[in-house]
Amino acid sequence: MTRHALVSGASIAGPALALQLNAAGWRTTVVERAPRLRDEGQNVDLRGAGREVARRLGLEDAVRAANTTEVGLRLMDEAGGTVAEFPAGESGTDGPTAELEILRGEMARILYERTDTASEYRFGESITDLAEHDDHVTATLASGATLDADVVVVAEGTRSHTRSLVSPEVDMTELGLYIAYLTIPRTADDDRWWRWMHTTGTRGVSLRPDNLGSTRAMLSFLSDVRGLEALDRDGQLTILRRTFADVGWEAPRVLAALDDASMYFDAVAQVKLDRWSHGRTVLLGDAAWAAGPFGTGTSLALTGSYILAGELAAQPDVPAALARYEQLMRPFVDRAQDVKPAMIRAMNPRTAVGQKVQRGAAKVAAEAFDKFGGLFNRVTGPPADAIDLPDYGSLPAA
């Protein structure tokens, strides 16, 4: 009998899992709360293990073809001068800009196009209840429909609505970092560099190129106030306008575009759970292990989907496969979540003295980057290749 996986979440981890399970002969159903495939989002990068998974799944060429064309990072000052410059990495792990840099929406599109004929997608749908039986799980959907599956995978975001059906208690660590991601019109002054300016008050403004003819902007700041992400859009816009009212460089341009821009506003947090599965239900991606601010989410999502699919395909005992998946992924995730609060504060200076120290350190790092570029990610974030990927010979190439 063909085994069936019900997956909640149609971003990256869920479709990547469906892609591999389809290739292994499973039937897959993907439910997504949004009414359509969400094509918004900022840059994500494939590094280390994530890039190797993309290669094994035959996705690397498609990702490269949809590259954002970003050539590296320039740290800027308020007058538009360059403080330090870090060219794009070429090894898959070095530098703030990876060799494989792609928009989140473009990555989701690539995965969807490779699964939409073999998987059943149900948009505008979500799981509201799960009933576990000896040999299957019955899921009740928001529409009232029910589905039976051999395994249910919740592959949603940091603030997953469905996670509580698998793990009622979650340790959500708010890091105090708020980020607004916007898509704004490109101007003649925009080039292929990621330009990022940090100023006092823990505020940052960044502009990044994309491959779709627009510019991706980011406004970030630290705050001790919690819950700003729960405000309605008008409330969020008020916060941003007040916070960045006196900031120079490109901040006025971004603020002027707020009313018409596509925007996603969120508080950066980490998710920590004692276990990721219960019986035949399991968490995958940020719903299980959101790591925080250092851009490892996509590589972790692809790596986790690869291991989960491999283990499910390798044996008929679903709970045993889920336990093995967690055993293999947990050390990698623990390292990714080793985020030092001092590093977040150092990257977002509050005072003029802190800003001067940050820019001085950036200049020194840039001067040594050609020789010691690999140290950049080791210092500023967790390693992307700190896992030995199993070779699932029984899992057909997707």
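Here the structure is a predicted model, which means the values were calculated and not measured.

K.L.:
Where do I start with the packing of helix α2 (residues 48-56) against helix α8 (residues 297-314) in this structure?
P.N.:
Pairs of packed helices are described in terms of their axes, by the angle between the two and the distance that separates them. Put simply, α2 and α8 touch, their axes get as near as 8 Å, and they point 50 degrees apart. Taken together, the axis directions place α2 and α8 in an arrangement best described as oblique. Of the two elements, α2 crosses α8, and the hand of that crossing is left-handed. Where α2 abuts α8, its residues Ala49, Gly50, Val53 and Arg56 lie against Ser299, Leu302, Thr303 and Tyr306. The residue makeup of the contact of α2 with α8, split by class, is 4 nonpolar, 3 polar and 1 charged.

K.L.:
Help me understand the packing of aromatic side chains, please; the structure alone is not making it clear to me.
P.N.:
Between two aromatic rings, the relevant description is the distance of the centres plus the angle of the planes. Enumeration according to the criterion identifies 11 aromatic pairs in this entry. For the ring pair Tyr121 and Phe123, a centre distance of 5.8 Å and an interplane angle of 15 degrees mean the geometry is stacked. Overall, the relative accessible area of 15% leaves Tyr121 in the buried class. By relative accessible area, which is 26% here, Phe123 ends up partly exposed. One aromatic cluster is present, built from ring pairs that chain together Tyr178, Phe221, Phe244 and Phe265. We note Arg208 situated over the ring of Trp194; from NZ or CZ to the ring centre the distance is 3.5 Å.

K.L.:
Is there a simple way to think about the pairing of strand β9 (residues 137-141) in this case?
P.N.:
Every other side chain in a regular strand lies on the same face of the sheet, so the side chains alternate between the two faces. Most of β9 sits inside the fold, with 4 of its 5 residues counted as buried. Linkage of strand β8 (residues 127-132) to β9, two consecutive antiparallel strands, is achieved through a turn of 4 residues. Pairing analysis gives 4 bridges linking β9 to strand β10 (residues 146-149), with the strands arranged antiparallel. Paired with Thr138 across the two strands is Asp148, which belongs to β10. Between β9 and the antiparallel strand that follows it, β10, lie 4 residues; Gly144 among them carries a positive phi value of about 100 degrees.

K.L.:
Before we go on, may I ask you to explain a negative patch on the surface in this structure?
P.N.:
Negative charge collects at one region of the surface, where Glu132, Asp134, Asp135 and Asp148 lie side by side. Owing to a relative accessible area of 35%, Glu132 belongs among the partly exposed residues under this scheme.

K.L.:
Even after reading the chapter, I still don't get the sheet that holds strand β5 (residues 82-87), so can you show me in this structure?
P.N.:
Strands pair in a sheet through their backbones, by hydrogen bonds, and they do so in one of two ways: parallel or antiparallel. Sheet architecture is open: 7 strands sit in the order β5-β4-β13-β14-β15-β12-β16, paired in mixed fashion. Edge strands, defined here as strands with exactly one partner in the open sheet, are β5 and β16 (262-272). This sheet shows a mean twist of 20 degrees between the axes of neighbouring strands, independent of strand direction. Across 5 bridges, the pairing between strand β4 (residues 72-76) and β5 is antiparallel. If you follow Leu73 over to β5, its bridge partner there is Phe86. With respect to the sheet, helix α5 (residues 233-243) is in contact with β12 (171-185), β14 (203-209), β15 (214-222) and β16, its orientation differing from that of β16 by roughly 90 degrees.

K.L.:
Any chance you could explain the confidence of the model for the protein chain here in plain terms?
P.N.:
Low pLDDT marks regions whose predicted coordinates should not be analysed in detail. Per-residue pLDDT for the protein chain has a mean of 91; in total, 93% of the residues score no lower than 70. A low-confidence stretch, residues 375-381 stays under pLDDT 50, and its non-local contacts, those more than four residues away or across chains, total 18 contacts.

K.L.:
Any chance you could explain the environment of Tyr392 here in plain terms?
P.N.:
Structurally, Tyr392 is set in the segment after α13 (374-380). Residue Tyr392 is classed as buried on the basis of its relative accessible area of 10%. Separated by 383 residues in sequence, Tyr392 and Gly9 place their C-alpha atoms 24 Å apart. Other than its neighbours up to four places away in sequence, Tyr392 contacts Tyr306, Ile307, Gly310, Glu311 and Leu328. Within the structure, the side chain of Tyr392 is placed 2.6 Å from the side chain of Glu311, a separation counted as a polar contact.

K.L.:
Quick question: what am I supposed to make of unusual backbone geometry here?
P.N.:
Most peptide bonds take the trans configuration, and most residues that are not glycine carry a negative phi. Even without being glycine, Thr69 reaches a positive phi, approximately 75 degrees. Mapped onto the elements, Thr69 comes out in the loop between α3 (60-65) and β4. The exposure class assigned to Thr69 is partly exposed, which follows from its relative accessible area of 31%. A positive phi angle, near 55 degrees, is found at Trp249, a position not held by glycine.

Calculation notes
- Residues numbered from 1 in each chain as written.
- Predicted model: local features only at pLDDT ≥ 70, side-chain atom pairs only at ≥ 80, totals over all residues.
- Heavy atoms only, no water.
- Axes fitted to C-alpha atoms, helices over the stretch in contact; angles between N-to-C directions.
- Helix = DSSP H or I, 4+ residues; strand = E, 2+ residues; numbered from the N terminus.
- Parallel < 35°, antiparallel > 145°, perpendicular 65-115°, else oblique.
- Left-handed = near helix turned anticlockwise from the far one by under 90°.
- Contact = heavy atoms within 4.5 Å.
- Nonpolar A, V, L, I, M, F, W, Y, C, P; charged D, E, K, R; others polar.
- Phe/Tyr/Trp six-rings, centres within 6.5 Å; stacked < 30°, edge-to-face > 60°.
- Buried < 20%, exposed > 50% of the residue type's maximum accessible area, 1.4 Å probe, protein only.
- Lys NZ or Arg CZ within 6 Å of the ring centre and 35° of its normal.
- Pairing = 2+ DSSP bridges.
- Patch = residues over 30% accessible without salt bridge, like charges linked within 9 Å, V, L, I, M, F, W, Y side chains within 5 Å.
- Areas by Shrake-Rupley, 256 points an atom, 1.4 Å probe, with all protein chains shown as cover.
- Salt bridge = Lys/Arg side-chain N within 4 Å of Asp/Glu carboxyl O.
- Lys, Arg positive; Asp, Glu negative; His and termini not counted.
- Charge placed at Lys NZ, Arg CZ, Asp CG, Glu CD.
- pLDDT = per-residue confidence, 0-100.
- Polar contact = N/O pair within 3.5 Å; in protein donor to acceptor, adjacent residues only side chain to side chain.

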